[in-house]
Amino acid sequence: MKKIMAILLTVAVAFFVFSNLYNTDSDKMLFGDNNPEEAVSQQYVNKSVDPERARPETGSANIVTSVVVNYRSFDTLGEITVLFVSALGVALLGGVLRKKVTFQYKPGFILNQGMTIIAGIVLITGIYIFVHGHLSPGGGFPGGAMIGSAFLLMYLSDETFRAKITGFKILEGTAGSLILIIGLVGLSTGGYFLYNFLPNGTVGDLISAGIVPVLYVLVGLKVGSEVSNILGNFFSGEVEQ
Amino acid sequence: MSQYLYIGLMLVGIYGLLSQKNIIKLILSLNILELGLNLFIISTGYSGGNKAPIIVLGNEGGYVDPLPQAIVLTAIVIGLGVTAVALMLARNIYKKYGTYEIDEIRGDDDD
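As a starting point, this report considers the structure included with it. Quick caveat: nothing in here was measured; it's all calculated off a predicted structure.

Cut-offs used in this document
- Starting afresh in each chain, residues are numbered from 1 along the sequence in its written order.
- Labels follow written order: the first chain is A, the first ligand is 1, and so on.
- Side-chain atom pairs in this predicted model are given and counted only at pLDDT of 80 or more, local residue features only at pLDDT of at least 70, and totals for whole chains, interfaces and linings cover all residues.
- Computation of side-chain values covers all heavy atoms of the structure but excludes hydrogens and water.
- Secondary structure elements are defined from DSSP: runs of H or I of at least 4 residues count as helices, runs of E of at least 2 residues count as strands, and each element is numbered from the N terminus.
- Only protein chains enter the accessibility calculation, which uses a 1.4 Å probe. A residue is then buried if its area is under 20% of the maximum for its type, exposed if over 50%, and partly exposed in between.
- Computed with a 1.4 Å probe, the accessible areas rest on the Shrake-Rupley method; for each residue, only the protein chains presented here act as cover.
- His is not counted, nor are the chain ends, whereas Lys and Arg count as positive and Asp and Glu as negative.
- By convention, the point assigned to a charge is CZ for Arg, NZ for Lys, CD for Glu and CG for Asp.
- To estimate how far a helix should reach, multiply one less than its number of residues by 1.5 Å.
- Within 3.5 Å is the distance limit for a polar contact, defined as a pair of N or O atoms, with the added protein rule that one can donate a hydrogen and the other accept it, and that residues adjacent in sequence qualify only through two side-chain atoms.
- By the convention used here, residues are in contact when the closest approach between their heavy atoms is within 4.5 Å.
- For any pair of parts, buried area is found by adding up, for both, the accessible area (1.4 Å probe) each one loses once the two are put together.
- Under the scheme applied here, ten amino acids are nonpolar (Ala, Val, Leu, Ile, Met, Phe, Trp, Tyr, Cys and Pro), four are charged (Asp, Glu, Lys and Arg), and all others, including Gly, are polar.
- Put simply, a patch holds well-exposed residues, over 30% relative accessible area, that have no salt bridge, with like charges counted together within 9 Å and Val, Leu, Ile, Met, Phe, Trp or Tyr side chains within 5 Å.
- The salt bridge definition used is simple: a Lys or Arg side-chain nitrogen within 4 Å of an Asp or Glu carboxyl oxygen.
- Only the contacting stretch of a helix is used when fitting its axis, a line to C-alpha atoms as for every element, and angles between N-to-C directions run 0 to 180 degrees.
- The labels follow the angle: roughly parallel below 35 degrees, roughly antiparallel above 145, roughly perpendicular from 65 to 115, and oblique for the rest.

Examining the overall build of chain B
Part 1 of the argument: Counting its secondary structure elements, chain B contains four helices and zero strands.
Part 2 of the argument: Its helices and strands in sequence order give chain B the pattern α-α-α-α, from N to C terminus.
Part 3 of the argument: Based on the C-alpha atoms only, the size of chain B along its principal axes is roughly 70 × 25 × 10 Å.
Part 4 of the argument: Per-residue burial over chain B gives 41% buried out of 111 residues.
Part 5 of the argument: With an accessible surface of roughly 5900 Å², chain B has 65% of that area assigned to carbon and sulfur atoms.
Part 6 of the argument: Distance between charge centres in chain B, computed from 7 positive and 10 negative side chains, equals 4 Å.

A short note on helix α3 (residues 66-97) of chain B
All names here are of chain B.
Part 1 of the argument: The end-to-end C-alpha separation of α3 is 46 Å, in line with the 46 Å expected for 32 residues at 1.5 Å each.
Part 2 of the argument: Backbone nitrogen of Leu67 and a side-chain oxygen of the N-cap are separated by 3.4 Å at the start of α3; the cap is Asp65.
Part 3 of the argument: Phi for Gly98, located one or two positions after α3, is positive at around 75°.

Considering the side chain of Ser19 of chain B
Part 1 of the argument: Position of Ser19 of chain B relative to the elements: it lies in helix α1 (residues 2-19).
Part 2 of the argument: Of the residues examined, Ser19 of chain B reaches a relative accessible area of 7% and is grouped as buried.
Part 3 of the argument: Residues within four places of Ser19 of chain B in sequence aside, it is in contact with Lys3 and Ala6 of chain A.

Quick word on the interface of chain A and chain B
Part 1 of the argument: Every contact between the two is made by 54 residues of chain A and, on the other side, 44 residues of chain B.
Part 2 of the argument: When chain A packs against chain B, the two sides together hide about 4300 Å² of surface, and 75% of this comes from carbon and sulfur.
Part 3 of the argument: Elements with a minimum of two residues in the side of chain A that touches chain B: α1 (2-21), α2 (41-49), α3 (63-71), α4 (73-94) and α8 (212-236) of chain A.
Part 4 of the argument: Counting residues per element, the side of chain A that touches chain B draws most heavily on α1 of chain A, which supplies 11 residues.
Part 5 of the argument: Taken together, the residues of the side of chain A that touches chain B break down into 36 nonpolar, 11 polar and seven charged.

A few points about a nonpolar patch on the surface
Part 1 of the argument: On the surface, Met1, Ile4, Met5 and Leu8 of chain A cluster together into a nonpolar patch covering about 470 Å² of accessible area.
Part 2 of the argument: By the secondary structure assignment, Met5 of chain A is in helix α1.

Some remarks on the packing of α4 of chain A against α3 of chain B
Part 1 of the argument: Contact pair α4 of chain A / α3 of chain B: the axes reach a minimum separation of 9 Å and the direction vectors enclose 10°. When the axes of α4 of chain A and α3 of chain B are compared, the pair comes out roughly parallel. Residue-level inspection shows Asp75, Glu79, Val82, Leu83, Ser86, Val90, Leu93 and Gly94 of chain A of α4 of chain A in contact with α3 of chain B, the latter providing Leu73, Thr74, Val77, Ile78, Leu80, Gly81, Ala84, Val85, Met88, Leu89 and Asn92 of chain B.
Part 2 of the argument: The residue inventory of the contact of α4 of chain A with α3 of chain B, partitioned by class, reads 12 nonpolar, five polar and two charged.

As structure tokens, this is what we get:
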């Protein structure tokens with residue numbers, strides 16, 4: 001009976017979605033009808049590379065990065081705050097679990113030895129991704145998640161592995177404070193929070209786009225340490241200090 | 001065409017949330033719902049044959065819409081946080097009641 005109700009509700013939601021997806025009577029835009037040349041995103045492209053401007057607004061080759069870390073960087077600050085609150089919640093909820101987690105299997109020889117090779121490669125790839133966040137796909141969040149996944153593999157492959165949670169907390173706090181300090185420097189030099197006060201350089205260079213790569217490296221370090229912190233809380237089951 | 005697949009994923013997630021009674025399956029349904037929504041939002045920015053929005057000097061224009069991608073990047077991170085807290089809550093529930101099934105938790109009132 002309950003499953004039939006669930007199916008009926010799902011069908012109702014499906015009917016609502018599909019009837020609005022191609023509803024030609026409404027004055028909203030139809031799905032697949034967008035033209036990027038006319039949308040607001042074209043302005044971001046133009047402002048990033050317009051040769052007639054004295055200096056480009058961001059100078060970042062990756063437009064998604066220029067939106068996330070320059071135009072909407074205050075929103076990104078809120079985003080990493082949400083991640084921090086989530087890590088804090090995991091740490092607080094995990095505080096009631098004092099027992100150490102043990103797996104029901106022993107990590108095999110191949111997993112154990114393969115990790116010694118793969119962990120370094122995964123870590124370096126993560127760092128590469130967030131350093132090149134303004135040039136290539138990726139950025140601070142995927143790079144940080146890759147660093148976290150390297151630590152997850154370390155936890156899985158070695159039962160005795162324990163990351164130093166205190167070290168991650170220091171790294172996380174330092175990165176977060178530096179983001180705020182950079183924002184305040186922008187406030188004092190440019191007049192608004194997180195102002196891009198550094199020179200923008202040439203589009204496509206590694207050192208270009210002003211504060212965008214600096215902020216993204218800090219975001220990557222903060223996200224990586226937070227994800228590792230969450231994993232550490234899951235596997236050790238207790239909070240330090 | 002692929003938007004139907006994404007809406008389908010979303011509906012699978014909604015059905016799972018409504019019908020399942022295992023906490024881990026509920027968290028998985030939430031993640032599937034979120035994945036379908038994220039993919040659907042990205043697909044609204046797609047327009048046929050355009051490239052990823054990374055500027056190559058001398059060859060500007062013809063990019064897909066970068067704004068949905070930037071917004072979905074935020075949504076993915078929030079989803080990660082929600083999932084982490086939900087899994088830790090599920091672990092605490094298992095620690096207290098010894099089961100992941102909602103029905104069995106409800107029947108147990110010796111606390």
